[in-house]
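Structure assessment
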Amino acid sequence: MKLLLIRHGQTPGNVLGQLDTAHPGPGLTELGERQAEAMARSLANEQISALYASTLVRTQITAAPLSRLQNLEIDVLEGLHEIEAGALEKLTDHESHKRYMGTVFAWAAGDLDRRMPAGPDGHEFFERYDADIARIAERASRDGDSVVAAVVSHGAAIRTWTGLRAADADADFVARHILANTGIVAVEGDPDAGWKLIHWDGSPIGGLALADPTAEDPMGDAQ
Ligand SMILES: O=C(O)[C@H](O)COP(=O)(O)O
């Protein structure tokens, strides 16, 4: 199967560069709404059979235009939400960004014992994210090998999961590759055979007119 891991559209927190991971979280900015519409139009030629979002509302709002265009229900899964920032929540300074990204990229390198300050360790993150990816793959397997599922999730979660789980991507690769709002990472495979990275489009899908170079968003930074 093919998994399209899509980062949600821009939020007010992304503009400010906040580590913003709590529930229910903010909605989208006006640019974020346009990014979501453009994402749906850009995927018009993909035969998507299932659409998933996280429990944070920004992913559900981002998925809405694609849901309308391809007549797909949005299935909200518990484990797809952003990696909790713990004591770094809502902080915007460079040191806090570095601590957050340093922790999640250590997980992508396999150091799952590292803990976010007053937050989860890598085992906890991978347990919940893997469980939902397995659920998505299980449902897809009933529909055949060529199934495409779209998953609207989050910058750190997508980069970290891909860095550890996809062949052809590692911690160094995901640290060097940005994932802007509505950037897409495509992987192919299944939980048993493993996942292969087939495409990394770190810019907003639908064109650079939908990028915001002035936003402080840490996901727009390579390490
Ligand atoms: O790292 C971040 O930018 C915040 O934690 C939130 O990530 P998100 O905007 O992809 O949800």
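Residues numbered from 1 in each chain as written. Predicted model: local features only at pLDDT ≥ 70, side-chain atom pairs only at ≥ 80, totals over all residues. Heavy atoms only, no water.

Tallied over the full model, the rule gives six aromatic pairs. With a centroid separation of 5.0 Å and an interplanar angle of 70°, the aromatic rings of phenylalanine 125 and phenylalanine 126 are classed as edge-to-face. The pair phenylalanine 125 / phenylalanine 126 is uniform in exposure class, with both members buried. Look at phenylalanine 173 and tryptophan 200: their rings are 5.5 Å apart centre to centre, the planes differ by 80°, and that puts the pair in the edge-to-face class. Of this pair, phenylalanine 173 sits in helix α7 (residues 171-176) while tryptophan 200 sits in strand β7 (residues 194-201), and the two are 27 residues apart along the sequence. (Phe/Tyr/Trp six-rings, centres within 6.5 Å; stacked < 30°, edge-to-face > 60°. Buried < 20%, exposed > 50% of the residue type's maximum accessible area, 1.4 Å probe, protein only. Helix = DSSP H or I, 4+ residues; strand = E, 2+ residues; numbered from the N terminus.)

In this structure, Leu3, Tyr100 and Trp161 are the most contacted members of the largest nonpolar core, which totals 46 residues. Among the elements that line this core, the one with the most residues is helix α5 (residues 122-141), at seven residues. Discounting residues that sit within four places of it in the chain, leucine 3 has contacts with Ile133, Ile136, Ala149, Val151, Trp161, Val185, Ala186, Val187 and Trp195. Core analysis: the second largest hydrophobic core is formed by 16 residues, Leu66, Val148, Ala186 and Ile205 among them. (Core = buried A, V, L, I, M, F, W, Y, C linked by side-chain atoms within 4.5 Å. Contact = heavy atoms within 4.5 Å.)

We now examine the layout of surface pockets. Approximately 150 Å³ is the volume attributed to the second largest pocket. As for the second largest pocket, its lining consists of Ser49, Ala50, Leu51, Tyr52, Glu73, Asp75, Ile136, Arg139, Ala140, Asp143 and Val147. Looking at the lining of the second largest pocket, the elements that each hand over two or more residues are β2 (48-53) and α5. Looking at the lining of the second largest pocket, the element that brings in the most residues is β2, giving four residues. Counted by class, the lining of the second largest pocket contains six nonpolar, one polar and four charged residues. (1 Å grid on protein atoms, 1.4 Å probe; cavity = no way out; pocket = protein on both sides within 12 Å on 5 of 7 lines; lining within 4 Å. Points joined across faces, edges and corners; volume = space filled by probe spheres on them. Nonpolar A, V, L, I, M, F, W, Y, C, P; charged D, E, K, R; others polar.)

A separate point is the site of the ligand. The environment of the ligand is formed by 15 residues, the closest being Arg7, Asn14, Glu82, His154 and Gly155. Here arginine 58 contributes a side-chain N or O atom positioned 2.9 Å from an oxygen atom of the ligand. Within the side chain of glutamate 82, one N or O atom sits 2.8 Å away from an oxygen atom of the ligand. In isolation the ligand has 310 Å² of accessible area, and contact with the protein removes 99% of it. Counting atoms within 2 Å of the grid points, the majority share of the ligand lands in the largest cavity. Tallied by class, residues from the shell around the ligand come to four nonpolar, six polar and five charged. (Near = heavy atom within 4 Å. Polar contact = N/O pair within 3.5 Å; in protein donor to acceptor, adjacent residues only side chain to side chain. Areas by Shrake-Rupley, 256 points an atom, 1.4 Å probe, with all protein chains shown as cover. Sits in = over half its atoms within 2 Å of the grid points.)

To characterise two packed helices, one gives the angle between the axes of the helices and the distance between these axes. As a packed pair, helix α2 (residues 30-42) and helix α3 (residues 57-70) sit with axes 8 Å apart at the nearest point and diverge in direction by 35°. Crossing of α2 against α3: the hand is right-handed. Across the interface between the two elements, Glu33, Ala36, Glu37, Met39, Ala40 and Arg41 from α2 touch Ile61, Thr62, Pro65, Leu66, Arg68 and Leu69 from α3. Looking at side-chain class alone, the contact of α2 with α3 contains seven nonpolar, one polar and four charged residues. (Axes fitted to C-alpha atoms, helices over the stretch in contact; angles between N-to-C directions. Left-handed = near helix turned anticlockwise from the far one by under 90°.)

Moving on: the sheet that holds strand β5 (residues 166-167). Read across the sheet, seven strands follow the order β3-β2-β4-β1-β6-β7-β5 without closing on themselves; strand pairing throughout is mixed. Each edge of the sheet is formed by a strand with only one pairing partner; in this case those strands are β3 (74-76) and β5. Looking at chain direction, β2 and β3 are connected through three bridges and run parallel. By the bridge assignment, alanine 53 is partnered in β3 with valine 76. Lying on the sheet, helix α6 (residues 155-165) is in contact with β1 (2-7), β4 (148-153), β5, β6 (184-190) and β7; it crosses β1 at an angle near 145°. (Pairing = 2+ DSSP bridges.)

Moving on, we come to α3. The first and last C-alpha atoms of α3 sit 20 Å apart over 14 residues, in line with the 20 Å expected at 1.5 Å per residue. Its maximal kink placed at alanine 63, α3 deviates by approximately 35°, while the proline proline 65 follows within four residues. Within α3, the full set of buried residues consists of Arg58, Thr59, Thr62, Ala63, Pro65, Leu66 and Ser67. Packing partners of the buried residues in α3 comprise α2, β2, β3 and β4. The positive-phi residue at the C-terminal boundary of α3 is asparagine 71, with phi of around 55°. (Expected span 1.5 Å × (residues − 1). Bend = angle between axes of the 7 residues up to and from the residue.)

What is shown is where atoms sit, not what they do.
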